[in-house]
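Summary of the model geometry
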Amino acid sequence: MSDVVAQAELDLPDAESTKALGAALAGILRAGDLVILTGDLGAGKTTLTQGLGAALGVRGQVASPTFIVAREHPPLPREDGSRGPALVHVDAYRLGGLDELDALDLDSSLDESVTVVEWGRGLAEALTEDRLEIDLERPRGGDVSADEPEAGTRHATLRGVGARWAGVDLAALLAR
Ligand SMILES: Nc1ncnc2c1ncn2[C@@H]1O[C@H](COP(=O)(O)OP(=O)(O)O)[C@@H](O)[C@H]1O
Ligand SMILES: [Mg+2]
């Protein structure tokens, strides 16, 4: 099992800050990277991916990958004509294991894509590849109101695992 080589955590007071975290990550993620989002239903995994997709500049609306295993968002051309990585957005509830990702017949290969997997709690430990793990937790009790059951701060913990993330200063990225 690979080691955690980079770590950071922060509070996300609202959905906009969760999107902003996704957008900040667009600045360091590159083709071939794997991001594992862990958190309960409604924790903000799709919301974070929306911020990432918007900042990467990919085609299509990032939405919950319900009823499909993975949705591909190809890169839109930038002003200078170049293209960034595609975004591959995966719902791991529908996936037996990460090895099945390679078997999906995607147009953009994973080498050309930033792959984001929305994972259920507790499964990511079994993975061995280089990856950025992001846990999103909703504090129990606290500021959860009956009128707005989805509202409230999330706590994000980021862990870079494997050689890819050695020397990456996640805390500095989030401080910007
Ligand atoms: N701090 C927050 N971070 C993320 N989402 C939040 C936050 N506060 C409220 N929300 C709301 O909670 C919901 C999260 O849903 P979603 O991103 O689909 O979760 P998941 O993909 O983890 O099931 C959205 O409706 C979002 O607007
Ligand atoms: Mg989701």
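In what follows, the accompanying structure is described. Being a predicted model, the structure only gives us computed values, none of them experimental.

Here we take up the overall build of the protein chain. Counting secondary structure elements, the protein chain contains four helices and seven strands. Walking the protein chain from its N terminus toward its C terminus, one meets helices and strands in the order β-α-β-α-β-β-α-β-β-β-α. The 176 residues of the protein chain split such that 35% are buried. Sequence-distant contacts in the protein chain: of pairs separated by 6 or more residues, those separated by 24 or more amount to 73%.

Counted residue by residue, strand β6 (residues 131-137) has five buried out of seven residues, so it is predominantly covered. One ladder, built from four bridges, connects strand β2 (residues 34-38) with β6; its direction is parallel. Each bridged residue has a counterpart across the sheet, and for Ile-36 the counterpart in β6 is Glu-133. With seven bridges joining them, β6 and strand β7 (residues 154-161) adopt antiparallel strand pairing. For Asp-135, the partnering residue across the bridge sits in β7 and is Thr-157.

Our next topic: the nonpolar core. In terms of nonpolar packing, the biggest core is built from 31 residues, with Val-35, Leu-37, Leu-52, Leu-87, Val-116, Val-117 and Ile-134 touching the most fellow members. For this core, the elements supplying multiple residues, two or more each, are α1 (15-26), β2, α2 (45-56), β4 (86-91), β5 (113-119), β6 and β7. Contact partners of Val-117, with chain neighbours within four places excluded, come to Ile-36, Leu-37, Val-90 and Ala-92.

This part is about the sheet that holds strand β3 (residues 70-73). The seven strands are arranged β1-β7-β6-β2-β5-β4-β3 in an open sheet whose pairing can be described as mixed. Looking along the sheet, the strands with just one partner apiece sit at the ends: β1 (4-12) and β3. Averaged over all pairs of adjacent strands, the angle between strand axes in this sheet comes to 15°, irrespective of strand direction. The strands that α2 touches are β2, β3, β4, β5 and β6; relative to β5, the one it contacts most, it runs at about 170°.

The environment of ligand 1 is made up of 19 residues, and the closest members are Thr-18, Gly-44, Lys-45, Thr-46 and Thr-47. Broken down by secondary-structure element, the contributors of at least two residues to the shell around ligand 1 are α1 and α2. Of all the elements, α2 adds the most residues to the shell around ligand 1, at three residues. Classifying every residue of the shell around ligand 1 by side-chain character gives five nonpolar, nine polar and five charged.

Time to look at the packing of α1 against α2. Helix-helix packing is characterised by the crossing angle of the two axes and by the distance between the axes. One can describe the packing of α1 onto α2 by two numbers: an axis separation of 7 Å at closest approach and a directional angle of 45°. The angle between α1 and α2 places the two elements in the oblique class. Crossing of α1 against α2: the hand is right-handed. Of the residues in α2, those in contact with Ala-15, Thr-18, Lys-19, Ala-20, Leu-21, Gly-22, Ala-23, Leu-25 and Ala-26 of α1 are Thr-47, Leu-48, Thr-49, Gln-50, Gly-51, Leu-52, Ala-54, Ala-55 and Leu-56. Considered class by class, the residues forming the contact of α1 with α2 number 11 nonpolar, six polar and one charged.

This part takes up the environment of Pro-13. By the secondary structure assignment, Pro-13 is in the loop between β1 and α1. Spatially, the C-alpha atom of Pro-13 lies 6.4 Å from that of Arg-154, the residues being 141 residues apart in sequence.

Cut-offs applied
Residues numbered from 1 in each chain as written. Chains lettered and ligands numbered in written order. Predicted model: local features only at pLDDT ≥ 70, side-chain atom pairs only at ≥ 80, totals over all residues. Helix = DSSP H or I, 4+ residues; strand = E, 2+ residues; numbered from the N terminus. Buried ≥ 20, exposed ≤ 12 C-beta atoms within 10 Å, placed from the backbone. Contact = placed C-beta atoms within 7 Å. Pairing = 2+ DSSP bridges. Core = buried A, V, L, I, M, F, W, Y, C linked by C-beta atoms within 7 Å. Axes fitted to C-alpha atoms, helices over the stretch in contact; angles between N-to-C directions. Near = placed C-beta within 6 Å. Nonpolar A, V, L, I, M, F, W, Y, C, P; charged D, E, K, R; others polar. Parallel < 35°, antiparallel > 145°, perpendicular 65-115°, else oblique. Left-handed = near helix turned anticlockwise from the far one by under 90°.

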